[in-house]
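For reference, the chains in residue letters:
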Amino acid sequence: MKELRYLQGVSTLTLDVPTCIGCGMCSLVCPHAVFLVEQKKALITDRDRCMECGACARNCPVSAISVKAGVGCASAIIKGWLTGSEPNCDCGG
Ligand code: SF4
Ligand code: SF4
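Bear in mind that the values here come from a model prediction, so they are computed numbers and not experimental data. (Residues numbered from 1 in each chain as written. Chains lettered and ligands numbered in written order. Predicted model: local features only at pLDDT ≥ 70, side-chain atom pairs only at ≥ 80, totals over all residues. Heavy atoms only, no water.)

## Re the overall build of the protein chain
Helix and strand counts for the protein chain stand at 3 helices and 4 strands. When its helices and strands are written in sequence order, the protein chain yields β-α-β-β-α-β-α. Residues classed as buried in the protein chain amount to 34% of the 93 residues present. The long-range fraction of contacts in the protein chain, counting pairs at least 24 apart against all pairs at least 6 apart in sequence, stands at 54%. Carbon and sulfur atoms provide 55% of the accessible area of the protein chain, an area that totals close to 5800 Å². (Helix = DSSP H or I, 4+ residues; strand = E, 2+ residues; numbered from the N terminus. Buried < 20%, exposed > 50% of the residue type's maximum accessible area, 1.4 Å probe, protein only. Contact = heavy atoms within 4.5 Å. Areas by Shrake-Rupley, 256 points an atom, 1.4 Å probe, with all protein chains shown as cover.)

This is how it looks when you write it as structure tokens:
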């Protein structure tokens, strides 16, 4: 299966490492393995894999993650994946 990737360098995903308590929820719920938890701290392994679904931020118990979830962008990624074209949601973001 072709790997899903977001447009490079545009993901709004941010992680406040000092606030993270290392519970592992982000890595559990992320469909694209964006997070790795090591020594009780989450790390963003590859921000460009994030499709801004918002699951990690919704499930983080200490609000250490911020992401601007964009349904249109996620749809564009899926459409691009299915059609083999460059993802484009026309959101201007
Ligand atoms: S917003 Fe979704 S795809 Fe992006 S890091 Fe969070 S769970 Fe993973
Ligand atoms: S869900 Fe939040 S607190 Fe838990 S490991 Fe991820 S960033 Fe840290």
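## Points about the nonpolar core
Among the nonpolar cores identified, the biggest contains 14 residues, and Leu13, Phe35 and Ile65 are the most heavily contacted of them. The residues contacting Ile65, other than those within four sequence positions of it, are Leu13, Thr14, Leu15, Cys26, Phe35, Cys56, Ala57 and Cys60. (Core = buried A, V, L, I, M, F, W, Y, C linked by side-chain atoms within 4.5 Å.)

## Comments concerning the site of ligand 2
The environment of ligand 2 is made up of 13 residues, and the closest members are Cys20, Cys23, Gly24, Cys26 and Cys60. Across the shell around ligand 2, the residue classes break down as 11 nonpolar, 2 polar and no charged. (Near = heavy atom within 4 Å. Nonpolar A, V, L, I, M, F, W, Y, C, P; charged D, E, K, R; others polar.)

## Digging into the site of ligand 1
In the vicinity of ligand 1, the contacting residues are Leu13, Cys30, Pro31, Val34, Phe35, Cys50, Met51, Glu52, Cys53, Gly54, Ala55 and Cys56. Taken together, the residues of the shell around ligand 1 break down into 10 nonpolar, 1 polar and 1 charged.

## Some details on the pairing of strand S3 (residues 41-44)
Of the pairings in the sheet, the one linking strand S2 (residues 35-38) to S3 comprises 4 bridges and is antiparallel in character. Along S3, the bridge assignment pairs Phe35 with Ile44. Between S2 and S3, which pair antiparallel and follow one another directly, the connecting turn spans 2 residues, one of which, Gln39, has a positive phi of 50°. (Pairing = 2+ DSSP bridges.)

## Quick look at the environment of Asp48
Mapped onto the elements, Asp48 comes out in the loop between S3 and helix H2 (55-59). On the basis of relative accessibility, which here comes to 16%, the residue Asp48 falls in the buried class. Considering only alpha carbons, one finds Asp48 and Val10, 38 residues apart in sequence, at a separation of 7.6 Å.

## A closer look at unusual backbone geometry
One non-glycine residue, Gln39, lies in the positive phi region at around 50°. Relative to the elements of secondary structure, Gln39 occurs in the loop between S2 and S3. For Glu52, which is not glycine, the phi torsion reads 55° and is therefore positive. With respect to the element layout, Glu52 can be found in the loop between S3 and H2.

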